[in-house]
Amino acid sequence: MQPSRPYHNIALVGFMGVGKSTVGQILAGMLDFEFIDTDRVIETREGRRISEIFSQEGETRFRDLETGLILSTGGGLVVRPENLASLQTHALIVCLWASPAVIYERVRYQGHRPLLHTPDPQARIAELLEQRKPAYQQADILVGVDFRSPQETAQYITNSFRLLRHSPHRNAPSPA
Ligand code: S3P
């Protein structure tokens, strides 16, 4: 889909474990853009790890901290419509998409993901992905990463961004 609004940034969204941080850093190098990871911004501002915020004050508090940031990425951030709307005002929104099985393989040995501290993390991933699908599908570009390396994914996004940035429709008014 071709966004019909001006944008100057790229926001990477998508479920945990799809590779937003890895792809984002490669992409920043390719385009000579600055890389900002909302989880790191929140941890620095709070002086604690994401997992500590979840265990000490709960998920709602963490979602409150995510709200109000500009360039963003935590896996659940776009689930709040105001966050998605905020990104849409200034960024091309790119969603990295992976299947539940691939996500599970990538995150199963990582202990720092509070939402997966459940008896059946694989089922939880499938359930959360399904719940979040409508939010992720609002991205301007959806990139499947099951069969792409981070380098290939970053190259694909760079090409799309350059094409869209130079498209004649870039500054066209949004459809009513
Ligand atoms: C979350 C994803 C995490 C982090 C927090 C909640 C989510 O970020 O924000 O643990 O709700 O999917 P990553 O997607 O970078 O792992």
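This report concerns the structure included in the present document. Small disclaimer: the values here were computed from a predicted structure and weren't measured.

Cut-offs and rules
- Residues numbered from 1 in each chain as written.
- Predicted model: local features only at pLDDT ≥ 70, side-chain atom pairs only at ≥ 80, totals over all residues.
- Heavy atoms only, no water.
- Near = heavy atom within 4 Å.
- Polar contact = N/O pair within 3.5 Å; in protein donor to acceptor, adjacent residues only side chain to side chain.
- Areas by Shrake-Rupley, 256 points an atom, 1.4 Å probe, with all protein chains shown as cover.
- 1 Å grid on protein atoms, 1.4 Å probe; cavity = no way out; pocket = protein on both sides within 12 Å on 5 of 7 lines; lining within 4 Å.
- Sits in = over half its atoms within 2 Å of the grid points.
- Helix = DSSP H or I, 4+ residues; strand = E, 2+ residues; numbered from the N terminus.
- Nonpolar A, V, L, I, M, F, W, Y, C, P; charged D, E, K, R; others polar.
- Salt bridge = Lys/Arg side-chain N within 4 Å of Asp/Glu carboxyl O.
- Expected span 1.5 Å × (residues − 1).
- Contact = heavy atoms within 4.5 Å.
- Buried < 20%, exposed > 50% of the residue type's maximum accessible area, 1.4 Å probe, protein only.
- Lys, Arg positive; Asp, Glu negative; His and termini not counted.
- Axes fitted to C-alpha atoms, helices over the stretch in contact; angles between N-to-C directions.
- Parallel < 35°, antiparallel > 145°, perpendicular 65-115°, else oblique.
- Left-handed = near helix turned anticlockwise from the far one by under 90°.

## Digging into the site of the ligand
Okay, step 1: By nearness alone, 14 residues border the ligand, and Lys20, Asp39, Arg63, Arg113 and Arg132 come closest of all.
Okay, step 2: Interatomic distance of 2.6 Å between a side-chain N/O atom of Lys20 and an oxygen atom of the ligand.
Okay, step 3: Contact distances for the ligand include 2.3 Å between an oxygen atom and a side-chain N or O atom of Arg113.
Okay, step 4: Coverage of the ligand by the protein chains reaches 93% of its 380 Å² of free accessible surface.
Okay, step 5: If you map the ligand onto the pockets, it falls in the largest pocket.
Okay, step 6: Looking at which element gives the most residues to the shell around the ligand, the answer is helix α3 (residues 50-66), with four residues.
Okay, step 7: Split by residue class, the shell around the ligand holds six nonpolar, three polar and five charged.

## Details of the pattern of salt bridges
Where side chains of opposite charge bring their charged atoms close, a pairing between them can arise.
Okay, step 1: Enumeration according to the criterion identifies ten salt bridges in this entry.
Okay, step 2: Within this structure, Asp37, Arg40, Glu43 and Arg49 form a network of salt bridges that share partners.

## Digging into helix α1 (residues 20-31)
Okay, step 1: Along its twelve residues, α1 runs 16 Å from first to last C-alpha, staying within 8% of the 16 Å computed at 1.5 Å per residue.
Okay, step 2: The inward-facing, buried residues of α1 contact β1 (9-14), β2 (91-97) and α7 (150-165).
Okay, step 3: Just past α1, the residue Asp32 takes up positive phi, approximately 60°.

## Focus on unusual backbone geometry
Okay, step 1: The backbone of Asp32 shows a phi angle near 60°, a positive value even though the residue is not glycine.
Okay, step 2: Along the polypeptide, Asp32 turns up in the loop between α1 and α2 (38-46).
Okay, step 3: When its relative accessible area of 71% is taken as the criterion, Asp32 is described as exposed.

## A short note on the side chain of Arg132
Okay, step 1: Its place among the elements puts Arg132 in helix α6 (residues 121-136).
Okay, step 2: No salt bridge is formed by the buried Arg132. Its closest oppositely charged neighbour is Glu59, at 5.0 Å.
Okay, step 3: Sequence-distant contacts of Arg132, defined by excluding residues within four places in its chain, comprise Phe15, Arg63, Gly75, Gly76, Val79 and Leu115.

## Quick notes on the packing of helix α5 (residues 100-107) against α6
Okay, step 1: Contact pair α5 / α6: the axes reach a minimum separation of 9 Å and the direction vectors enclose 130°. On the basis of the axis angle, α5 is oblique to α6. Crossing handedness for the pair α5 and α6: right-handed. Contacts between α5 and α6 involve Pro100, Ala101, Ile103, Tyr104 and Val107 on the former and, on the latter, Pro121, Gln122, Ile125, Ala126 and Leu129.

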